[in-house]
Amino acid sequence: MSQILDTDVAIVGAGPAGLFAVFELGMLKVRAVLIDALGEVGGQCSALYPEKPIYDIPAHPAIEAGDLVARLEAQIAPFATPRLLGRRVETLTGTAGAFALTTDQGDTVRAKAVIVAAGAGAFGPNRPPLDGLAAYEATGAVQYYVRRREDLRGKRVVIAGGGDSAVDWALALRGVAAAIHFVHRRPKFRAAPESVAQLDAAAAAGEVDMVIPYQLHALHGGDGRLVSVEVADLDGGTKHIAADVLLPFFGLSMDLGPIAGWGLALERHHLAITPATCETNVPGVFAIGDVATYAGKLKLILQGFSEAAMAAHAIHPIVYPDTALHFEYSTSKGVG
Ligand SMILES: Cc1cc2nc3c(=O)[nH]c(=O)nc-3n(C[C@H](O)[C@H](O)[C@H](O)COP(=O)(O)OP(=O)(O)OC[C@H]3O[C@@H](n4cnc5c(N)ncnc54)[C@H](O)[C@@H]3O)c2cc1C
């Protein structure tokens, strides 16, 4: 059923950045409403890699993405923030102090300020150009995300790509998959050096078969059941790898969807912001997390967290124009 909500800040996107923004706003007594197109909170962490460990969250040597989302939820629970899930924000109108957002389900949210934490927008995987791909996608013989590691137990897996996802999954599937073949077109990786060192060690130990320099060439099988993946080297020489599952990790395609039409300044499919405040070119509209860009931006969860704090402080005077904000640590102030 569609709803009409009045709040201080409408947060578009309930990924890690949007979730933490609830906390930072709540600490300043600023109310929020969370809106997400997906049916659950957590953004990419929940939708793409809930069981994958993350190693660069401060104070967590390793934490699975799903656990991180659960802990963020626990952290914002005191603020009892209303959520509109399974609703895509379509329009944004108004000015600072009086914005209105509408969703594809007919909801209206009225807010004094807006935080766009839309990540990669309506994200989707970059697909390899292989014949007959759709039939294999339908059966799960070709998958772009690993939702449950256990689903791959005993399977012969081909991983393709050279970034963090490819390297991390090759490592995470050791002892689970029956065989791991790692296909990449060159011996260089766009992944954390420490993970690449672990991959080298795994290859030396015979745990991962490195198929380099090769590219995906064709899929062989029938009725959506994969029998082998054919790969080609740079001279066109091919070979077959017996496999049950192909995991192509060629990154996400970024599509801002309706957000691109809100009059916000764009820079290569991202929202350009002033780094100190996270404000866009439209006063009262802020952007944080993966969707936001500025010189030196790192697309990391921890960066989204710090942007959430900066945006919350910049928003305080819009919500409380007559009250000066005295900075306090959470340790002295407590939560709520
Ligand atoms: C496989 C993988 C591994 C990763 N590993 C790490 C890692 O180890 N460390 C790290 O720091 N980062 C990692 N990342 C990146 C990290 O997940 C992102 O930086 C992070 O999720 C960005 O958070 P966010 O809140 O900005 O956006 P997202 O997580 O993308 O969430 C944005 C949300 O906005 C919603 N949305 C978009 N448009 C609308 C709209 N119009 N209306 C309503 N909702 C909308 C989307 O549905 C989505 O839920 C990894 C990413 C992937 C894919």
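Further up the page is the structure itself.
Worth saying up front: this structure is predicted, and the values here are computed from it rather than measured.

With 12 residues, helix 6 (residues 193-204) should cover 16 Å at 1.5 Å per step; its first-to-last C-alpha distance of 16 Å lies within 8% of that length. The positive-phi residue at the C-terminal boundary of helix 6 is Gly 206, with phi of around 80 degrees.

Turning next to the nonpolar core. The biggest cluster of nonpolar side chains holds 68 residues, and the ones touching the most others in it are Ile 11, Leu 25, Ile 115, Val 116 and Ile 288. By residue number, the principal contributor to this core is helix 1 (residues 16-27), which donates eight residues. Apart from the residues within four sequence positions on either side, Leu 25 is in contact with Val 9, Ile 11, Val 30, Ala 32, Ile 115, Ala 312 and Ile 315. Formed by 24 residues, the second largest nonpolar core is a distinct cluster that contains Val 167, Ile 180, Phe 182 and Phe 189.

On to the side chain of Thr 103, then. Within the secondary structure layout, Thr 103 lies in strand 7 (residues 98-103). A distance of 3.1 Å separates the side chain of Thr 103 from the backbone nitrogen of Gln 105, its partner in a polar contact. Here the side chain of Thr 103 touches Asp 107 through a polar contact of 2.5 Å, side chain to side chain. In this view, Thr 103 contacts Ile 35, Arg 87, Arg 88, Val 89 and Glu 90; residues no more than four positions away in its chain are not counted.

This brings us to the packing of helix 5 (residues 164-172) against helix 6. Between two packed helices, both the angle of their axes relative to each other and the distance between the axes serve to describe the pair. Relative to each other, helix 5 and helix 6 sit at 45 degrees, their axes nearing to 10 Å. Comparing the axis directions of helix 5 and helix 6 gives the class oblique. Note on packing geometry: the crossing formed by helix 5 with helix 6 is left-handed. Between helix 5 and helix 6, the contacting residues are Val 167, Asp 168, Ala 170 and Leu 171 on the first element and Ser 195, Val 196, Gln 198, Leu 199 and Ala 202 on the second. Split into classes, the residues belonging to the contact of helix 5 with helix 6 amount to six nonpolar, two polar and one charged.

Turning our attention to the site of the ligand. Taken together, 31 residues surround the ligand, and among them Asp 36, Gln 44, Tyr 49, Asp 290 and Ile 301 come closest. At 3.3 Å from an oxygen atom of the ligand is found a main-chain nitrogen or oxygen belonging to Pro 16. Asp 290 is positioned with one of its side-chain polar atoms (N or O) 2.8 Å from an oxygen atom of the ligand. Computed on the free molecule, the ligand has an accessible area of 1000 Å², of which 91% lies beneath the protein chains in the complex. Among the elements of the structure, helix 1, strand 2 (32-36) and helix 2 (43-47) are those that each provide at least two residues to the shell around the ligand. Within the shell around the ligand, the residues separate by chemical class into 16 nonpolar, eight polar and seven charged.

Before going further, it helps to examine the side chain of His 316. With respect to the helices, strands and loops of the structure, His 316 is situated in helix 7 (residues 301-319). Looking at His 316, the relative accessible area reads 5%, which means it is buried.

Moving on, we come to the packing of aromatic side chains. Counting across every chain of the model gives five aromatic pairs. Plain terms: the ring middles of Phe 20 and Phe 305 are 5.0 Å apart, the flat faces sit at 50 degrees to each other, and that makes the pair tilted. Here Phe 305 lies in helix 7 and Phe 20 lies in helix 1, a separation of 285 residues in the sequence. In this structure Phe 305 comes out as buried when scored by relative accessible area, which is 14%. With 5.7 Å between their ring centres and 75 degrees between their planes, Phe 182 and Phe 189 make a pair best called edge-to-face. Of the residues examined, Phe 182 reaches a relative accessible area of 0% and is grouped as buried. Of the residues examined, Phe 189 reaches a relative accessible area of 19% and is grouped as buried.

Pairing is parallel in the open sheet, where four strands are placed in the order 12-11-10-16. Since the sheet does not close on itself, it has two edges, and those belong to strand 12 (209-211) and strand 16 (245-248), each with one partner. The sheet shows a mean angle of 20 degrees between the axes of neighbouring strands, direction not considered. Examined bridge by bridge, strand 11 (residues 179-183) and strand 12 share three bridges and lie parallel to one another. If you follow Val 183 over to strand 12, its bridge partner there is Val 211.

Overall, the coordinates contain zero disulfides when judged by the stated rule. Cys 45 takes part in no disulfide bond, and the closest cysteine sulfur, belonging to Cys 278, lies 18 Å away. Here Cys 45 falls in the buried class, since its relative accessible area comes to 1%. On the basis of relative accessibility, which here comes to 0%, the residue Cys 278 falls in the buried class.

Once that is clear, we can look at the pairing of strand 1 (residues 4-12). Burial analysis of strand 1 places seven of its nine residues in the buried class, which makes it a mostly covered element. With eight bridges connecting them, strand 1 and strand 8 (residues 108-116) associate as parallel partners. Paired with Ala 10 across the bridge in strand 8 is Val 114. Here strand 1 pairs with strand 2 via four bridges, running parallel. The residue of strand 2 that forms the bridge with Ile 11 is Leu 34.

The rules behind the values
Residues numbered from 1 in each chain as written. Predicted model: local features only at pLDDT ≥ 70, side-chain atom pairs only at ≥ 80, totals over all residues. Heavy atoms only, no water. Helix = DSSP H or I, 4+ residues; strand = E, 2+ residues; numbered from the N terminus. Expected span 1.5 Å × (residues − 1). Core = buried A, V, L, I, M, F, W, Y, C linked by side-chain atoms within 4.5 Å. Buried < 20%, exposed > 50% of the residue type's maximum accessible area, 1.4 Å probe, protein only. Contact = heavy atoms within 4.5 Å. Polar contact = N/O pair within 3.5 Å; in protein donor to acceptor, adjacent residues only side chain to side chain. Axes fitted to C-alpha atoms, helices over the stretch in contact; angles between N-to-C directions. Parallel < 35°, antiparallel > 145°, perpendicular 65-115°, else oblique. Left-handed = near helix turned anticlockwise from the far one by under 90°. Nonpolar A, V, L, I, M, F, W, Y, C, P; charged D, E, K, R; others polar. Near = heavy atom within 4 Å. Areas by Shrake-Rupley, 256 points an atom, 1.4 Å probe, with all protein chains shown as cover. Phe/Tyr/Trp six-rings, centres within 6.5 Å; stacked < 30°, edge-to-face > 60°. Pairing = 2+ DSSP bridges. Disulfide = S-S within 2.5 Å.

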